[in-house]
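These are the residues of each chain, in order.
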Amino acid sequence: MTITRFAPSPTGLLHLGNLRTALFNWALARKAGGTFLLRLDDTDPERSRPEFAEAIRADLAWLGLAWDREETQSARLDRYEAAAEALKASGRLYPCWETPEELDRRRKIQRTQGRPPVYDRAALRLTEAEKAELAAQRAPHWRFKLSHERIEWVDGILGEQSIDAASVSDPVLIRADGQVLYTLASAVDDSEMGVTDVVRGADHVTNTAAQIQIIRALGAEPPRFAHHSLLTGPGGEALSKRLGALSLQDLRGQGIEPAAILSLLSRLGSADPVEPRRDLAEIAAGFDLSRFGAAPVKLDPADLGPLTARILHETPFADAAPRLAALGIEGPDAAPFWAAVQGNLGTLAEAAEWWDIAQNGAAPDVDHDDADYVALALSRLPDRPWGPETWKDWTGALKAETGRKGKALFMPLRRALTGRRAGPDMAAFLPLMRGPLPPRGPHG
Ligand code: GLU
(Lines give C-alpha, C1' and ligand atoms only; values in the text may rest on other atoms or scores of the structure.)
Protein backbone atom coordinates (compact mmCIF):
# COMPACT_ATOMS: atom_id res chain seq x y z
CA MET A 1 0.00 0.00 0.00
CA THR A 2 1.45 3.32 -1.07
CA ILE A 3 0.92 6.20 1.36
CA THR A 4 2.19 9.65 0.45
CA ARG A 5 1.69 13.03 1.99
CA PHE A 6 1.87 16.67 1.09
CA ALA A 7 3.04 18.52 4.17
CA PRO A 8 2.85 22.27 3.69
CA SER A 9 3.37 24.67 6.55
CA PRO A 10 0.30 26.92 6.62
CA THR A 11 2.47 30.01 6.68
CA GLY A 12 1.72 31.24 3.17
CA LEU A 13 -0.11 30.61 -0.06
CA LEU A 14 0.52 27.71 -2.41
CA HIS A 15 2.69 28.59 -5.37
CA LEU A 16 3.97 26.60 -8.32
CA GLY A 17 7.04 25.47 -6.37
CA ASN A 18 5.26 23.80 -3.49
CA LEU A 19 2.42 22.70 -5.72
CA ARG A 20 4.94 20.61 -7.63
CA THR A 21 5.60 18.72 -4.41
CA ALA A 22 1.87 18.24 -3.82
CA LEU A 23 1.30 17.02 -7.35
CA PHE A 24 4.13 14.48 -7.29
CA ASN A 25 2.95 12.95 -4.03
CA TRP A 26 -0.67 12.96 -5.18
CA ALA A 27 0.23 11.31 -8.50
CA LEU A 28 2.33 8.61 -6.83
CA ALA A 29 -0.52 7.69 -4.51
CA ARG A 30 -3.20 7.80 -7.20
CA LYS A 31 -1.18 5.83 -9.71
CA ALA A 32 -0.61 3.10 -7.13
CA GLY A 33 -4.20 3.17 -5.86
CA GLY A 34 -2.82 4.29 -2.51
CA THR A 35 -3.55 6.99 0.03
CA PHE A 36 -2.67 10.66 -0.22
CA LEU A 37 -2.51 12.64 3.02
CA LEU A 38 -2.67 16.37 3.49
CA ARG A 39 -0.60 17.13 6.54
CA LEU A 40 -0.49 20.64 7.90
CA ASP A 41 2.93 21.24 9.44
CA ASP A 42 1.73 23.87 11.86
CA THR A 43 4.00 23.45 14.85
CA ASP A 44 5.15 27.05 14.54
CA PRO A 45 2.32 28.87 16.31
CA GLU A 46 3.59 32.30 15.38
CA ARG A 47 3.71 31.82 11.63
CA SER A 48 0.92 29.27 11.09
CA ARG A 49 -2.48 30.73 10.26
CA PRO A 50 -5.84 29.00 9.82
CA GLU A 51 -6.55 31.20 6.81
CA PHE A 52 -3.47 29.87 5.04
CA ALA A 53 -4.57 26.30 5.81
CA GLU A 54 -7.94 27.17 4.32
CA ALA A 55 -6.34 28.73 1.25
CA ILE A 56 -4.19 25.60 0.75
CA ARG A 57 -7.27 23.38 0.93
CA ALA A 58 -9.14 25.64 -1.48
CA ASP A 59 -6.26 25.65 -3.97
CA LEU A 60 -5.86 21.86 -3.87
CA ALA A 61 -9.61 21.42 -4.29
CA TRP A 62 -9.61 23.84 -7.24
CA LEU A 63 -6.88 21.78 -8.87
CA GLY A 64 -8.76 18.56 -8.19
CA LEU A 65 -5.96 17.12 -6.05
CA ALA A 66 -8.22 15.37 -3.55
CA TRP A 67 -6.66 14.09 -0.35
CA ASP A 68 -7.91 11.06 1.54
CA ARG A 69 -7.23 12.33 5.03
CA GLU A 70 -6.03 15.45 6.74
CA GLU A 71 -3.60 15.49 9.62
CA THR A 72 -2.51 18.44 11.70
CA GLN A 73 0.75 18.49 13.57
CA SER A 74 -0.49 20.83 16.28
CA ALA A 75 -2.99 18.12 17.25
CA ARG A 76 -0.21 15.57 17.72
CA LEU A 77 2.12 17.35 20.12
CA ASP A 78 1.74 14.52 22.65
CA ARG A 79 3.12 12.09 20.06
CA TYR A 80 6.21 14.23 19.54
CA GLU A 81 6.60 14.57 23.29
CA ALA A 82 6.54 10.79 23.65
CA ALA A 83 9.08 10.38 20.84
CA ALA A 84 11.33 12.99 22.43
CA GLU A 85 11.17 11.17 25.75
CA ALA A 86 12.09 7.91 24.05
CA LEU A 87 15.06 9.54 22.32
CA LYS A 88 16.22 11.11 25.59
CA ALA A 89 15.98 7.74 27.30
CA SER A 90 18.13 6.13 24.62
CA GLY A 91 20.68 8.93 24.81
CA ARG A 92 19.99 10.24 21.30
CA LEU A 93 18.49 13.57 22.36
CA TYR A 94 20.72 15.78 24.47
CA PRO A 95 20.30 19.18 26.08
CA CYS A 96 22.32 22.17 24.91
CA TRP A 97 22.49 25.62 26.43
CA GLU A 98 24.42 27.63 23.85
CA THR A 99 22.84 30.93 22.92
CA PRO A 100 22.41 31.79 19.23
CA GLU A 101 25.20 34.37 19.63
CA GLU A 102 27.56 31.76 21.05
CA LEU A 103 26.79 29.36 18.20
CA ASP A 104 27.28 32.11 15.70
CA ARG A 105 30.64 33.03 17.19
CA ARG A 106 31.81 29.41 17.02
CA ARG A 107 30.71 29.04 13.43
CA LYS A 108 32.68 32.14 12.48
CA ILE A 109 35.80 30.74 14.12
CA GLN A 110 35.32 27.42 12.32
CA ARG A 111 35.01 29.22 9.02
CA THR A 112 38.13 31.29 9.54
CA GLN A 113 39.95 28.06 10.31
CA GLY A 114 38.65 26.58 7.08
CA ARG A 115 36.51 24.03 8.91
CA PRO A 116 32.87 23.28 8.11
CA PRO A 117 30.48 25.06 10.50
CA VAL A 118 29.28 21.86 12.15
CA TYR A 119 28.09 21.90 15.76
CA ASP A 120 31.04 20.79 17.91
CA ARG A 121 28.98 18.84 20.46
CA ALA A 122 30.37 20.92 23.30
CA ALA A 123 27.20 20.18 25.27
CA LEU A 124 28.09 16.50 25.34
CA ARG A 125 31.30 17.33 27.19
CA LEU A 126 29.64 19.26 30.02
CA THR A 127 30.01 17.81 33.51
CA GLU A 128 26.88 17.18 35.57
CA ALA A 129 27.76 20.20 37.71
CA GLU A 130 28.11 22.46 34.67
CA LYS A 131 24.79 21.20 33.32
CA ALA A 132 23.07 21.87 36.62
CA GLU A 133 24.47 25.38 36.66
CA LEU A 134 23.28 26.11 33.11
CA ALA A 135 19.91 24.48 33.76
CA ALA A 136 19.40 26.85 36.67
CA GLN A 137 19.91 29.81 34.30
CA ARG A 138 17.78 28.85 31.32
CA ALA A 139 15.92 26.08 29.52
CA PRO A 140 17.94 23.96 27.11
CA HIS A 141 17.28 23.23 23.47
CA TRP A 142 17.64 19.60 22.43
CA ARG A 143 19.76 18.11 19.69
CA PHE A 144 19.59 14.70 18.09
CA LYS A 145 22.89 12.88 18.34
CA LEU A 146 23.67 11.69 14.85
CA SER A 147 25.53 8.45 14.66
CA HIS A 148 28.73 9.28 12.76
CA GLU A 149 28.54 6.96 9.80
CA ARG A 150 27.54 7.36 6.18
CA ILE A 151 23.79 7.70 5.75
CA GLU A 152 22.73 6.08 2.52
CA TRP A 153 19.53 5.77 0.55
CA VAL A 154 18.45 5.20 -3.00
CA ASP A 155 16.68 8.38 -3.94
CA GLY A 156 13.72 8.05 -6.29
CA ILE A 157 15.04 10.93 -8.39
CA LEU A 158 18.67 11.54 -7.40
CA GLY A 159 19.70 7.89 -7.30
CA GLU A 160 22.21 6.59 -4.76
CA GLN A 161 22.87 9.07 -2.00
CA SER A 162 25.53 8.89 0.66
CA ILE A 163 25.97 11.60 3.26
CA ASP A 164 28.67 11.61 5.92
CA ALA A 165 26.77 12.24 9.15
CA ALA A 166 29.87 13.84 10.63
CA SER A 167 29.53 16.65 8.08
CA VAL A 168 26.11 17.56 9.42
CA SER A 169 25.32 19.37 12.69
CA ASP A 170 23.30 17.40 15.18
CA PRO A 171 19.85 18.82 14.38
CA VAL A 172 17.92 20.75 17.00
CA LEU A 173 14.61 18.93 17.49
CA ILE A 174 13.19 20.93 20.39
CA ARG A 175 13.71 24.62 20.92
CA ALA A 176 14.41 26.18 24.29
CA ASP A 177 10.81 27.40 24.42
CA GLY A 178 9.62 23.82 24.06
CA GLN A 179 8.52 24.06 20.44
CA VAL A 180 9.02 20.76 18.62
CA LEU A 181 10.67 21.32 15.28
CA TYR A 182 9.62 19.93 11.96
CA THR A 183 12.59 17.56 11.73
CA LEU A 184 11.26 15.50 14.62
CA ALA A 185 7.54 16.03 14.02
CA SER A 186 7.80 14.94 10.42
CA ALA A 187 9.86 11.86 11.28
CA VAL A 188 7.31 10.82 13.91
CA ASP A 189 4.41 11.41 11.56
CA ASP A 190 5.95 9.66 8.60
CA SER A 191 6.61 6.55 10.65
CA GLU A 192 3.36 6.54 12.66
CA MET A 193 1.21 7.29 9.61
CA GLY A 194 2.86 4.55 7.62
CA VAL A 195 4.06 6.93 4.91
CA THR A 196 5.83 4.82 2.30
CA ASP A 197 7.07 7.50 -0.08
CA VAL A 198 8.18 11.06 0.55
CA VAL A 199 8.77 13.34 -2.41
CA ARG A 200 9.99 16.81 -1.58
CA GLY A 201 12.36 19.49 -2.77
CA ALA A 202 16.10 19.00 -3.02
CA ASP A 203 16.48 21.58 -0.23
CA HIS A 204 15.46 18.77 2.13
CA VAL A 205 18.28 16.33 1.29
CA THR A 206 20.19 17.05 4.50
CA ASN A 207 17.00 16.76 6.54
CA THR A 208 16.43 13.39 4.97
CA ALA A 209 19.80 12.15 6.15
CA ALA A 210 18.99 13.19 9.72
CA GLN A 211 15.42 11.94 9.56
CA ILE A 212 16.52 8.51 8.38
CA GLN A 213 18.53 8.20 11.59
CA ILE A 214 15.76 9.68 13.74
CA ILE A 215 13.16 7.28 12.35
CA ARG A 216 15.47 4.32 12.93
CA ALA A 217 16.22 5.57 16.45
CA LEU A 218 12.46 5.50 17.04
CA GLY A 219 12.41 1.87 15.99
CA ALA A 220 10.77 2.33 12.59
CA GLU A 221 11.89 1.92 8.97
CA PRO A 222 12.25 5.11 6.93
CA PRO A 223 10.05 5.63 3.88
CA ARG A 224 11.46 5.83 0.36
CA PHE A 225 12.66 9.34 -0.37
CA ALA A 226 12.82 11.28 -3.60
CA HIS A 227 14.00 14.86 -3.96
CA HIS A 228 12.90 16.89 -6.92
CA SER A 229 15.00 19.76 -8.20
CA LEU A 230 13.90 23.28 -7.54
CA LEU A 231 12.06 25.42 -10.03
CA THR A 232 13.67 28.55 -11.34
CA GLY A 233 12.24 31.37 -13.42
CA PRO A 234 12.78 31.37 -17.19
CA GLY A 235 16.14 33.14 -16.79
CA GLY A 236 17.35 30.70 -14.13
CA GLU A 237 16.63 33.14 -11.30
CA ALA A 238 15.22 31.84 -8.03
CA LEU A 239 11.52 31.31 -8.40
CA SER A 240 10.91 32.66 -4.94
CA LYS A 241 11.62 36.18 -6.18
CA ARG A 242 8.61 35.86 -8.41
CA LEU A 243 6.33 34.10 -5.99
CA GLY A 244 3.94 37.00 -5.85
CA ALA A 245 3.10 36.50 -9.49
CA LEU A 246 2.92 32.75 -9.20
CA SER A 247 0.61 32.04 -6.31
CA LEU A 248 -2.17 29.72 -7.37
CA GLN A 249 -4.68 32.34 -6.36
CA ASP A 250 -3.11 34.77 -8.80
CA LEU A 251 -2.99 32.22 -11.61
CA ARG A 252 -6.61 31.38 -10.96
CA GLY A 253 -7.46 35.08 -11.14
CA GLN A 254 -5.69 35.27 -14.51
CA GLY A 255 -7.98 32.56 -15.86
CA ILE A 256 -5.34 29.83 -15.98
CA GLU A 257 -7.00 26.42 -16.10
CA PRO A 258 -6.11 24.04 -13.27
CA ALA A 259 -5.48 21.29 -15.84
CA ALA A 260 -2.92 23.53 -17.56
CA ILE A 261 -0.99 23.87 -14.32
CA LEU A 262 -1.10 20.14 -13.64
CA SER A 263 -0.19 19.26 -17.23
CA LEU A 264 2.85 21.51 -17.08
CA LEU A 265 4.09 20.58 -13.61
CA SER A 266 3.59 16.85 -14.05
CA ARG A 267 6.02 16.82 -16.98
CA LEU A 268 8.32 19.81 -16.66
CA GLY A 269 11.81 18.58 -15.77
CA SER A 270 11.05 15.05 -16.92
CA ALA A 271 12.13 13.29 -20.08
CA ASP A 272 8.52 13.28 -21.29
CA PRO A 273 6.93 16.10 -23.29
CA VAL A 274 4.40 18.50 -21.80
CA GLU A 275 1.00 17.69 -23.22
CA PRO A 276 -2.33 19.28 -22.40
CA ARG A 277 -4.30 16.82 -20.30
CA ARG A 278 -7.69 17.48 -18.85
CA ASP A 279 -8.14 14.18 -17.12
CA LEU A 280 -6.61 13.85 -13.65
CA ALA A 281 -6.57 10.07 -13.88
CA GLU A 282 -4.55 10.35 -17.07
CA ILE A 283 -2.14 12.77 -15.43
CA ALA A 284 -1.63 10.33 -12.57
CA ALA A 285 -1.32 7.31 -14.87
CA GLY A 286 1.29 9.06 -17.02
CA PHE A 287 3.37 10.18 -14.05
CA ASP A 288 6.76 8.54 -13.64
CA LEU A 289 9.14 9.76 -10.98
CA SER A 290 12.09 7.99 -12.56
CA ARG A 291 11.76 10.20 -15.65
CA PHE A 292 12.72 13.31 -13.67
CA GLY A 293 16.24 14.63 -13.50
CA ALA A 294 18.30 16.33 -10.81
CA ALA A 295 18.96 19.60 -12.66
CA PRO A 296 17.03 22.73 -11.68
CA VAL A 297 13.96 23.17 -13.83
CA LYS A 298 13.16 26.39 -15.65
CA LEU A 299 9.56 27.34 -15.49
CA ASP A 300 8.07 29.99 -17.69
CA PRO A 301 4.63 30.95 -16.41
CA ALA A 302 3.89 32.26 -19.90
CA ASP A 303 3.56 28.62 -21.00
CA LEU A 304 0.41 28.34 -18.95
CA GLY A 305 -1.55 30.64 -21.28
CA PRO A 306 -1.27 28.50 -24.45
CA LEU A 307 -1.81 25.33 -22.40
CA THR A 308 -4.97 26.83 -20.94
CA ALA A 309 -6.21 27.66 -24.43
CA ARG A 310 -5.48 24.16 -25.73
CA ILE A 311 -7.28 22.62 -22.79
CA LEU A 312 -10.35 24.80 -23.34
CA HIS A 313 -10.34 23.97 -27.05
CA GLU A 314 -10.57 20.28 -26.17
CA THR A 315 -13.10 20.48 -23.35
CA PRO A 316 -16.40 18.80 -24.25
CA PHE A 317 -19.56 20.73 -23.50
CA ALA A 318 -20.66 18.27 -20.82
CA ASP A 319 -17.50 19.02 -18.85
CA ALA A 320 -17.68 22.75 -19.37
CA ALA A 321 -21.42 23.03 -18.68
CA PRO A 322 -21.37 23.53 -14.89
CA ARG A 323 -18.73 26.25 -15.14
CA LEU A 324 -20.55 27.88 -18.04
CA ALA A 325 -23.77 27.84 -16.03
CA ALA A 326 -21.91 29.61 -13.23
CA LEU A 327 -21.12 32.34 -15.78
CA GLY A 328 -24.80 32.55 -16.71
CA ILE A 329 -24.32 30.55 -19.92
CA GLU A 330 -27.18 28.05 -19.92
CA GLY A 331 -30.32 27.04 -21.74
CA PRO A 332 -30.78 25.55 -25.20
CA ASP A 333 -28.17 27.86 -26.77
CA ALA A 334 -25.42 26.87 -24.36
CA ALA A 335 -24.19 23.73 -26.18
CA PRO A 336 -24.08 25.20 -29.72
CA PHE A 337 -22.60 28.37 -28.22
CA TRP A 338 -19.77 26.36 -26.63
CA ALA A 339 -19.15 24.56 -29.91
CA ALA A 340 -19.01 27.92 -31.70
CA VAL A 341 -16.68 29.78 -29.34
CA GLN A 342 -14.48 27.26 -27.54
CA GLY A 343 -11.84 27.17 -30.28
CA ASN A 344 -11.26 30.90 -29.84
CA LEU A 345 -10.99 31.10 -26.10
CA GLY A 346 -7.85 32.08 -24.25
CA THR A 347 -9.61 31.80 -20.90
CA LEU A 348 -13.01 30.54 -19.87
CA ALA A 349 -13.98 34.05 -18.76
CA GLU A 350 -13.85 35.12 -22.40
CA ALA A 351 -16.83 32.84 -23.02
CA ALA A 352 -18.89 35.21 -20.88
CA GLU A 353 -17.90 38.12 -23.13
CA TRP A 354 -19.03 36.22 -26.22
CA TRP A 355 -22.24 35.17 -24.50
CA ASP A 356 -22.96 38.81 -23.77
CA ILE A 357 -22.37 39.68 -27.43
CA ALA A 358 -24.64 36.81 -28.50
CA GLN A 359 -27.40 37.74 -26.08
CA ASN A 360 -27.23 41.51 -26.12
CA GLY A 361 -25.43 42.50 -29.29
CA ALA A 362 -22.37 44.72 -29.46
CA ALA A 363 -21.52 48.27 -30.35
CA PRO A 364 -20.72 48.02 -34.08
CA ASP A 365 -17.17 48.80 -35.14
CA VAL A 366 -17.38 50.16 -38.68
CA ASP A 367 -14.71 52.01 -40.63
CA HIS A 368 -15.88 55.08 -42.46
CA ASP A 369 -14.91 53.48 -45.79
CA ASP A 370 -17.02 50.43 -45.05
CA ALA A 371 -20.12 52.26 -43.86
CA ASP A 372 -22.03 51.92 -47.15
CA TYR A 373 -21.08 48.30 -47.58
CA VAL A 374 -22.15 47.47 -44.03
CA ALA A 375 -25.45 49.32 -44.43
CA LEU A 376 -26.14 47.46 -47.66
CA ALA A 377 -25.19 44.15 -46.08
CA LEU A 378 -27.49 44.66 -43.11
CA SER A 379 -30.38 45.46 -45.42
CA ARG A 380 -29.76 42.15 -47.20
CA LEU A 381 -29.56 40.12 -43.99
CA PRO A 382 -32.69 37.95 -43.90
CA ASP A 383 -34.98 38.17 -40.89
CA ARG A 384 -34.52 35.71 -38.05
CA PRO A 385 -34.54 32.80 -37.44
CA TRP A 386 -31.07 32.23 -38.77
CA GLY A 387 -29.63 28.79 -39.40
CA PRO A 388 -26.30 27.18 -40.19
CA GLU A 389 -26.50 28.28 -43.84
CA THR A 390 -27.45 31.91 -43.22
CA TRP A 391 -23.93 33.32 -43.08
CA LYS A 392 -22.82 31.48 -46.20
CA ASP A 393 -25.91 32.45 -48.19
CA TRP A 394 -25.78 36.05 -47.03
CA THR A 395 -22.09 36.61 -47.71
CA GLY A 396 -22.37 34.69 -51.01
CA ALA A 397 -25.08 37.08 -52.18
CA LEU A 398 -23.04 40.09 -51.00
CA LYS A 399 -20.01 38.83 -52.87
CA ALA A 400 -22.04 38.59 -56.06
CA GLU A 401 -23.61 42.00 -55.54
CA THR A 402 -20.53 43.99 -54.47
CA GLY A 403 -17.62 42.08 -55.97
CA ARG A 404 -15.91 42.09 -52.54
CA LYS A 405 -14.16 38.97 -51.45
CA GLY A 406 -12.01 37.53 -48.68
CA LYS A 407 -11.21 39.81 -45.79
CA ALA A 408 -12.88 42.84 -47.41
CA LEU A 409 -16.10 40.86 -47.67
CA PHE A 410 -16.14 39.28 -44.21
CA MET A 411 -14.23 41.52 -41.79
CA PRO A 412 -16.55 44.56 -41.91
CA LEU A 413 -19.48 42.24 -41.19
CA ARG A 414 -17.76 40.58 -38.22
CA ARG A 415 -16.83 44.00 -36.84
CA ALA A 416 -20.31 45.41 -37.39
CA LEU A 417 -22.05 42.48 -35.71
CA THR A 418 -19.65 41.63 -32.87
CA GLY A 419 -17.65 44.82 -32.41
CA ARG A 420 -14.49 42.70 -32.64
CA ARG A 421 -11.86 41.99 -35.24
CA ALA A 422 -11.43 38.36 -34.29
CA GLY A 423 -13.58 35.69 -32.80
CA PRO A 424 -15.57 32.56 -33.48
CA ASP A 425 -16.56 31.28 -36.88
CA MET A 426 -19.41 33.59 -37.86
CA ALA A 427 -21.36 30.84 -39.62
CA ALA A 428 -21.76 29.12 -36.26
CA PHE A 429 -22.03 32.28 -34.18
CA LEU A 430 -24.57 34.25 -36.21
CA PRO A 431 -27.51 31.91 -35.50
CA LEU A 432 -26.81 32.37 -31.79
CA MET A 433 -26.99 36.15 -31.96
CA ARG A 434 -30.23 37.02 -30.19
CA GLY A 435 -29.59 40.67 -29.44
CA PRO A 436 -30.47 43.81 -31.35
CA LEU A 437 -28.69 44.39 -34.67
CA PRO A 438 -26.95 47.55 -35.75
CA PRO A 439 -29.49 49.92 -37.33
CA ARG A 440 -30.22 49.04 -40.97
CA GLY A 441 -29.73 51.77 -43.52
CA PRO A 442 -32.17 52.70 -46.31
CA HIS A 443 -30.56 50.43 -48.90
CA GLY A 444 -32.19 47.98 -51.22
N1 GLU B 1 6.56 21.41 6.07
C2 GLU B 1 7.72 21.02 5.33
C3 GLU B 1 7.95 22.03 4.21
O4 GLU B 1 6.99 22.66 3.78
C5 GLU B 1 7.51 19.65 4.75
C6 GLU B 1 8.69 19.06 4.08
C7 GLU B 1 8.44 17.60 3.87
O8 GLU B 1 7.80 17.26 2.88
O9 GLU B 1 8.84 16.81 4.69
O10 GLU B 1 9.05 22.24 3.79
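In what follows, the structure referred to is the one given above.
A few points on the structure. (Residues numbered from 1 in each chain as written. Predicted model: local features only at pLDDT ≥ 70, side-chain atom pairs only at ≥ 80, totals over all residues. Heavy atoms only, no water.)

Quick look at the packing of helix α3 (residues 77–89) against helix α6 (residues 182–192) now. Relative orientation of the contacting elements α3 and α6 amounts to 100°, with a least axis distance of 10 Å. For the element pair α3 / α6, the angle class is roughly perpendicular. Between α3 and α6, the contacting residues are Arg 79, Tyr 80, Ala 83, Ala 84 and Leu 87 on the first element and Leu 184, Ala 185, Val 188, Asp 189 and Glu 192 on the second. Residues of the contact of α3 with α6, tallied by class, amount to seven nonpolar, no polar and three charged. (Axes fitted to C-alpha atoms, helices over the stretch in contact; angles between N-to-C directions. Helix = DSSP H or I, 4+ residues; strand = E, 2+ residues; numbered from the N terminus. Parallel < 35°, antiparallel > 145°, perpendicular 65-115°, else oblique. Contact = heavy atoms within 4.5 Å. Nonpolar A, V, L, I, M, F, W, Y, C, P; charged D, E, K, R; others polar.)

Attention now goes to the sheet that holds strand β5 (residues 141–144). Pairing is antiparallel in the open sheet, where three strands are placed in the order β4-β5-β8. Here the strands that pair on one side only, and so sit at the sheet edges, are β4 (93–96) and β8 (172–174). Pairs of neighbouring strands in the sheet enclose a mean axial angle of 45°, with direction left out of account. Here β4 pairs with β5 via four bridges, running antiparallel. Its bridge partner lying in β5, Leu 93 is registered against Phe 144. (Pairing = 2+ DSSP bridges.)

Residues in close proximity to the ligand include Arg 5, Ala 7, Ser 9, Asp 41, Tyr 182, Ser 186, Arg 200 and His 204, which together make up its full environment. Interatomic distance of 3.2 Å between a side-chain N/O atom of Ser 9 and a nitrogen atom of the ligand. Burial of the ligand by the protein amounts to 79% of the accessible area it has alone, namely 290 Å². Residues belonging to the shell around the ligand are distributed by class as follows: two nonpolar, three polar and three charged. (Near = heavy atom within 4 Å. Polar contact = N/O pair within 3.5 Å; in protein donor to acceptor, adjacent residues only side chain to side chain. Areas by Shrake-Rupley, 256 points an atom, 1.4 Å probe, with all protein chains shown as cover.)

Here we come to the pairing of strand β3 (residues 69–72). Each regular strand shows side chains that alternate between the opposite faces of the sheet. Bridge count for strand β2 (residues 35–40) against β3 is four bridges, and the pairing is parallel. In the sheet register, Leu 37 faces β3, and the bridge partner there is Arg 69. Running through helix α2 (residues 50–63), the crossover from β2 to the neighbouring parallel element β3 is right-handed. (Right-handed = clockwise from strand over helix to strand, strands pointing away.)

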